[in-house]
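For reference, the chains in residue letters:
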Amino acid sequence: MTSIIGPASYKFFGIFPAAILSFVLPIIGIGLFAYIIARRIAPLVRANPDNRFDQIGGRIKNLALVWLGQIRQPRYMLAGVLHIFIFAGFLILSIRSTTLVIIGFSDGFTLPGFSGVIGDIYNFFKDYAATFVLVACIIAAIRRGIIKPKRYAVPEKYGKDHTAEAVFVLGIISTLMLSESLFEASELAYEFQHSGQEHFLAPLSLVWIFKGMLASAPQNILQGLHIFTYFVHDLAFFFFLCFLPLGKHFHVITSVFNVFFMRVQKGNVKPVMHGVSDEDLDDLESFGVKKLEDFTWKHMLDFYSCADCGRCSDQCPANAVSRPLSPRFITIKARDLMFKNYPLSGEIYKSEMLVEDIYTEDEIWSCTTCGACEEECPLGIEYIDKMVDLRRGMVDEGMVPQSLQKPLKALEKRGNPYGKMEKKRADWWAKDKEFKAQYTIKDLAKDEADTLYFVDSITSYDDIIQDIARRTSIILQKAGVDFGILGKLEKDSGNEVLRFGEEMLYQDLKEQNTEAINETGVKQIVTADPHAYNALKNDYTDLPPVKHISQVVAQKIAAGELDLKSCQDPDKVYTYHDPCYLGRHNGIYEDPRQALDAIDGLTRVELEKSRDRSFCCGGGGLMLFYEPEEETRMGVLRVNMAAEAGANVIVTACPFCLVNIQDAIKVAGKEGQIEALDFTELIEQHIA
């Protein structure tokens, strides 16, 4: 005998063929796995429909970048790099694991194409992959079990901590790496003892280390180790496969599907029911999500796919100010309910009203729909649509916070949340004596223009914010834009109404605005309100192209059609605050910055949380009218961030942000130290 006996030929005690065990283990493992998956699919089958088979090109791109490329992982550098090593190792070693299963029936089996040079190259990378995965698992276990970053903590009200499960899984993965490497090393050591033949191995890899350790081991020890480590690997592999769907590590299986089906278009909100047109909404017996099965199958897949990493909650501004909301536990509580209501055996339990069962009203109303959680999630889990759907269900049941009832009634009656007369919508700002003496604003109910300036409610009616409307008009005129307004025909854009969950009111506002806009014959729409921009661009249909004023300014400066003079206050340090509905939801980050940087002598610094990680001011989703339970204001945290960055002027391009940040400066006691300006004010001051 010159070579080691493989598991397919080995006989325990010289009698019982190991090949039988090699055959039985996969049969049991695959059969049990198929049964568990079938039970896990049950709630998805009962869920509401979701149209996720569109925009295939974008979905393939997400799959390549977010799932395969892991581009979101390094946003938390150490944890991200560790995950990338483990993920890449799994992909590389999946070929080896498949081969090992078959080696149990056929000694020396190799997959087609993996013999010869290609096989040698693969083995080289495979050995390093196993080594790096083991090292990553050890570091991850220390982080999770000993260091314990705060974002992994589970408050008592949310249930049990998952640290033990995480460390256990890291142990299983480590077992797979060690057993596979020992299986190969024992064979190579045995062969070397018989023939003296050396195989080139990846230096310092596990196989290289183990072969050196086993070089002088007795042959019977090598033979026993070879068979023992094979079945350790086989058992660990199929145990792991069946264990994955039982907890948070289900994402190992579901992530590829969840990322493929993740949101492609940003800024919009899912319809009340896929397949039901706006005209047929009146025929629906119930609106939104009330019970578990009211979620769509994609949102249930989200629940299964959560890795419990805590990134969403770590970036959530509501969680940062201790509102009763943590996106992470919106998902985990729903997943736990799915496991409870759809057990692996026995009857399916009846679902209760979710807001009374696992969620609270304050929890759902605390969301500002800023999108920070969705931007951070490495698995494409969505939250805004779920929150909106839950709110739709609550509104349908009459569960509306007292502080929001008045603005909703005003919107229904007057088309604005302030309850002011709609026929004077433009009078509040356009007919200011000083402004009117110098500038004339076209009313598109009477006049014609190429561009519509959509003002929206807060800019039309808020006494302080009305300056934004005047300054926007001045900028457009000096930039040579032929524009007009809808005046009394304009209604609230409905961006907040839709995200509040008042679907039928939103539909009414959208219908009236769409009709009024299309009757003007304008070729484009401009607004200075990111919330209006988002609604008109992403929620409405069949409208002319929509631009934010910052885009217009940046384009006009680049074209030489708008000149800016030197900075009036060169001693001040400016910072730009990215509004959620301009930045994260619509990807407009550079235009406002380019416009600010065109002001010669202006000193600008970046906030630590900027661009797609910008920190919400707290004004989204009708939050200006809501009175949440919180320890401090989001705006106060934002003002403190500006102070830490060394800025004394915060520039934003959103009226909601301006209101909240101005109030926050007062609350933070930083009046005279920091001021807040709207983008239009700064630009209008510097027009040459």
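These notes cover the structure that comes with them.

Parameters at a glance
- Chains are numbered independently. Their residues run from 1 in the order of the written sequence.
- Where local features are concerned, this predicted model is filtered to residues with pLDDT of at least 70; where side-chain atom pairs are given and counted, the filter is 80 or more; whole-chain, interface and lining totals use all residues.
- The side-chain numbers reported here are obtained from all heavy atoms of the structure, hydrogens and water having been left aside.
- Each helix corresponds to a stretch of at least 4 residues labelled H or I by DSSP, and each strand to a stretch of at least 2 residues labelled E; elements are numbered beginning at the N terminus.
- In this description, contact between two residues means that some pair of their heavy atoms is separated by no more than 4.5 Å.
- Between any two strands, pairing holds if DSSP finds at least two bridges.
- If you view a crossover with the strands going away from you and the path from the first strand over the helix to the second runs clockwise, you call it right-handed.
- Cavities and pockets are defined on a 1 Å grid built over the protein atoms alone: a cavity is a set of grid points where a 1.4 Å probe fits but cannot escape, while a pocket is an open set with protein on both sides within 12 Å along at least five of seven lines, and lining residues are those with an atom within 4 Å of any such point.
- Grid points are joined across faces, edges and corners, and a volume is the space filled by probe spheres set on the points.
- Three classes are used, and their members are as follows: Ala, Val, Leu, Ile, Met, Phe, Trp, Tyr, Cys and Pro are nonpolar, Asp, Glu, Lys and Arg are charged, and the others, Gly among them, are polar.
- Domain start and stop points were drawn from an automatic or database domain assignment.
- Stacked, edge-to-face and tilted are the three classes for Phe, Tyr and Trp ring pairs, Trp counted by its six-membered ring, which pair at centre distances within 6.5 Å; planes under 30 degrees apart are stacked, over 60 edge-to-face, the rest tilted.
- Between buried and exposed lies partly exposed: a residue is buried under 20% and exposed over 50% of the maximum accessible area for its type, with that area taken using a 1.4 Å probe on protein chains only.
- By nonpolar core we mean a set of buried residues, namely Ala, Val, Leu, Ile, Met, Phe, Trp, Tyr and Cys, connected to one another through side-chain atoms within 4.5 Å.
- Where helices are involved, their axes are fitted lines through C-alpha atoms of the stretch in contact, as for all axes, and angles between N-to-C directions lie from 0 to 180°.
- By convention in these notes, a salt bridge is any Lys or Arg side-chain nitrogen within 4 Å of a carboxyl oxygen on Asp or Glu.
- Between the first and last residue of a helix there are one fewer steps than residues, each counted as 1.5 Å, and that sum is the expected span.
- Counting of polar contacts relies on pairs of N or O atoms within 3.5 Å, with two restrictions inside protein: one atom must be capable of donating a hydrogen and the other of accepting it, and residues adjacent in sequence are counted only when both atoms are side-chain atoms.
- In this scheme, patches are assembled from residues that exceed 30% relative accessible area and form no salt bridge. Like charges are connected within 9 Å, while nonpolar side chains (Val, Leu, Ile, Met, Phe, Trp, Tyr) are connected within 5 Å.
- Reported accessibility uses the Shrake-Rupley method at a 1.4 Å probe radius. Residues are deemed covered only where the shown protein chains occlude them.
- Counted as positive: Lys and Arg. Counted as negative: Asp and Glu. His and the chain ends are not counted at all.
- A charged residue contributes its charge at one atom only: NZ of Lys, CZ of Arg, CG of Asp or CD of Glu.

**Section: the environment of N62**
Along the chain, N62 turns up in helix α2 (residues 56-68). Separated by 467 residues in sequence, N62 and D529 have C-alpha atoms that sit 30 Å apart. Residues in contact with N62, not counting those within four places in the same chain, are W67, V259, M262, R263 and V264.

**Considerations on the pairing of strand β6 (residues 524-527)**
When strand β4 (residues 451-453) meets β6, the two strands line up parallel, connected through three bridges. Across the sheet, Y453 pairs through a bridge with V526, a residue of β6. Where β6 lies against strand β7 (residues 546-548), three bridges are found, and the strand directions are parallel. Paired with T527 across the two strands is H548, which belongs to β7. Handedness of the crossover is the feature at issue here: the chain leaves β6, passes through helix α24 (residues 530-539), returns alongside β7, and the resulting connection is right-handed.

**Here we look at the layout of surface pockets**
There is about 1,200 Å³ of room inside the largest pocket. Around the largest pocket, the lining is made up of 45 residues, and of these I86, F90, I173, H251 and V252 lie nearest the centre. Listed by contribution, the elements that provide at least two residues to the lining of the largest pocket are α3 (77-103), α4 (116-147), α5 (163-195), α7 (219-243) and α8 (251-260). Top contributing element to the lining of the largest pocket by residue count: α3, with 12 residues. Looking at side-chain class alone, the lining of the largest pocket contains 28 nonpolar, 10 polar and seven charged residues. Composition of the lining of the largest pocket by domain shows at least three residues from each of domain 1 (11-49 + 58-246) and domain 2 (288-396). Estimated volume of the second largest pocket: approximately 930 Å³. In this structure, the second largest pocket is lined by 39 residues; those nearest its centre are N268, V269, K270, P271 and D539. When residues of the lining of the second largest pocket are traced back to their parent elements, those giving at least two are α16 (384-396), α23 (503-520) and α24. Among the elements that line the lining of the second largest pocket, the one with the most residues is α23, at eight residues. Here the residues of the lining of the second largest pocket sort into 12 nonpolar, 10 polar and 17 charged. Counting contributing residues, the lining of the second largest pocket receives three or more from each of domain 2 (288-396) and domain 3 (414-558).

**Observations regarding the packing of aromatic side chains**
Here the structure, examined in full by the defined rule, presents 35 aromatic pairs. Relative to F261, the ring of F260 has its centre 5.1 Å away and its plane inclined at 80 degrees; by these criteria the two rings are edge-to-face. Comparing F260 with F261, the two get one shared label, buried. Members of the aromatic cluster, joined through ring pairs, are Y10, F12, F16, F183, Y230 and F231.

**Side note on the nonpolar core**
Membership of the largest hydrophobic core comes to 150 residues, with the highest contact counts inside it found for L354, W429, Y453, I517, I549, F679 and I683. Among the nonpolar cores identified, the runner-up in size contains 33 residues, and L82, I173, L176 and F210 belong to it.

**Looking at the sheet that holds β4**
Taken together, five strands build an open sheet; the order of strands is β3-β5-β4-β6-β7 and the sheet is parallel. Of all strands in the sheet, those bounded by a partner on one side alone are β3 (442-443) and β7. Along the sheet, helix α25 (residues 549-558) contacts β6 and β7; its crossing angle with β7, the most-contacted strand, is approximately 80 degrees.

**A closer look at the pattern of salt bridges**
Applying the stated criterion across every chain, the model contains 44 salt bridges. For D467, the salt bridge goes to R471, with nearest N and O atoms at 3.8 Å. Within this pair, D467 and its partner R471 are both found in helix α21 (residues 466-478), separated by four residues, close to a single helical turn. On the basis of relative accessible area, D467 is assigned to the partly exposed category, the value being 30%. In this structure, K572 and D569 form a salt bridge, with 4.0 Å as the shortest nitrogen-oxygen distance. Look at K572 and you get partly exposed, because its relative accessible area is 28%. Via salt bridges that share partners, D578, E590, R593, D597, R604, E606 and R611 belong to a single interconnected network.

**Let's talk about α21**
Between its first and last C-alpha atoms α21 spans 19 Å; for 13 residues at 1.5 Å apiece the expected length is 18 Å, and the two agree. A large share of α21 lies buried, amounting to 10 of its 13 residues. What α21 keeps buried is the set Q466, I468, A469, R470, R471, T472, S473, I474, I475 and L476. Looking at the residues trailing α21, positive phi occurs at G480, about 80 degrees.

**Considerations on α23**
Its 18 residues give α23 an end-to-end C-alpha distance of 26 Å, which sits within 8% of 26 Å, the value for a rise of 1.5 Å per residue. Of the positions making up α23, those classed as buried are E503, L505, Y506, Q507, L509, K510, N513, T514, A516, I517 and T520. A positive phi of about 75 degrees marks G521, the residue just after α23.

**Remarks on the side chain of R392**
Within the element layout of this structure, R392 appears in helix α16. Within the structure, the side chain of R392 is placed 3.0 Å from the backbone oxygen of K270, a separation counted as a polar contact. Side chain to side chain, R392 and E503 meet in a polar contact 2.9 Å long. For R392, the residues in contact, after removing those within four places along its chain, are V269, K270, P271, V272, F287, G288, L498, G501 and E503.

**Regarding a positive patch on the surface**
Positive charge collects at one region of the surface, where K423, K424, K446 and K488 lie side by side. The topology assignment puts K488 in the loop between β5 (483-485) and α22 (495-500).

**Points about unusual backbone geometry**
Notably, K148 is not glycine yet its phi reads approximately 55 degrees, a positive angle. Along the polypeptide, K148 turns up in the loop between α4 and α5.

**Details of the sheet that holds strand β9 (residues 603-605)**
Adjacent strands of a sheet pair through backbone hydrogen bonds, lying either parallel or antiparallel. Read across the sheet, four strands follow the order β9-β8-β10-β11 without closing on themselves; strand pairing throughout is parallel. Looking at strand neighbours, the two that pair on one side only are β9 and β11 (675-678), the edges of this open sheet. Strand-to-strand twist in this sheet, taken as the mean axis angle between neighbours without regard to direction, amounts to 35 degrees. Across three bridges, strand β8 (residues 573-577) lies against β9 in parallel orientation. Residue pairing across strands places T575 opposite V605, the latter belonging to β9.

**Comments concerning the environment of D357**
As for its position among the elements, D357 is in helix α13 (residues 354-357). C-alpha of D357 to C-alpha of L337: the two residues are 20 residues apart in sequence and 9.4 Å apart in space. Excluding residues that lie within four positions of it along the chain, D357 makes contacts with L337 and E352.

**Remarks on a nonpolar patch on the surface**
A surface patch of nonpolar side chains, about 1,000 Å² in accessible area, is lined by F13, I15, F16, I20, L21, F23, V24, I27, I28 and F105. The topology assignment puts F23 in helix α1 (residues 18-46).

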